[in-house]
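The primary structure of each chain is shown beneath.
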Amino acid sequence: MNKVFKVVKNFFEDFILDFKNKLFSSKYVLKGKCKKCGACCRNILFSTQAGYVKSIDVFNEMRKKHRYYRNFRVSGVVSEKQDFQNGALTFECKFISKNNKCLIYPFRPLFCRDYPSVRQDLIYNGVTMLDNCGFYFDVDKKFSEYLN
Ligand code: SF4
Ligand code: SF4
């Protein structure tokens, strides 16, 4: 019963997310499609009010406060990216399988179901898709609008 409830709840949440993305879409649109490489589940950045998490001690404190963070382990460090991300720890979700399948797909968190969402503020701040991701952001403008 609990599982059925979650599937129905997720269905309506997905519907609302889709609606929200269409209603508040910026001048950018998402194009392309997922290659199912799993990179986005292995290169997650977390941030606090102080910025991106760059220290394991900070992350351990986060894990103590919120159980949710126990689902992640450190997978690497960002380097040679945008300055504001340099040194940030990357995290891997424990639910990604070796063959890049989400082991809790029907119950994955809202954030995962909304990924990748078009966030104009983040795009302006230089945030891009991961290297080799099948998605990319494009400007939602017709050729005739450029001519005008
Ligand atoms: S990184 Fe992009 S292509 Fe790879 S699984 Fe994530 S969304 Fe799909
Ligand atoms: S819950 Fe699933 S989709 Fe979300 S990060 Fe983990 S493996 Fe990826």
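Shown above is the structure to which this text applies.
Below is a summary of the structure that appears in this document. (Residues numbered from 1 in each chain as written. Chains lettered and ligands numbered in written order. Predicted model: local features only at pLDDT ≥ 70, side-chain atom pairs only at ≥ 80, totals over all residues.)

This brings us to the overall build of the protein chain. When you go through the protein chain residue by residue, the secondary structure sums to six helices and six strands. Listing every helix and strand of the protein chain by position from the N terminus yields α-β-α-β-β-α-β-β-α-α-β-α. Put simply, the protein chain has 148 residues, and 5% of those count as buried. Residue pairs in contact within the protein chain that sit at least 24 positions apart in sequence constitute 63% of those at least 6 positions apart. (Helix = DSSP H or I, 4+ residues; strand = E, 2+ residues; numbered from the N terminus. Buried ≥ 20, exposed ≤ 12 C-beta atoms within 10 Å, placed from the backbone. Contact = placed C-beta atoms within 7 Å.)

Glancing now at the nonpolar core. Counting residues in each nonpolar core, the largest one holds seven residues, listed as Cys41, Val53, Phe72, Ala88, Leu89, Phe91 and Cys93. Per-element tally for this core: the top contributor is strand β5 (residues 89-93), with three residues. Residues in contact with Cys41, not counting those within four places in the same chain, are Glu92, Cys93, Ile96 and Cys102. (Core = buried A, V, L, I, M, F, W, Y, C linked by C-beta atoms within 7 Å.)

To continue, consider the site of ligand 2. Taken together, the neighbourhood of ligand 2 is formed by Cys41, Cys93, Phe95, Ile96, Cys102, Ile104, Arg108, Pro109 and Cys112. Among the residues forming the shell around ligand 2, the class breakdown is eight nonpolar, no polar and one charged. (Near = placed C-beta within 6 Å. Nonpolar A, V, L, I, M, F, W, Y, C, P; charged D, E, K, R; others polar.)

Bear in mind that shape data such as this cannot, by itself, settle questions of function.
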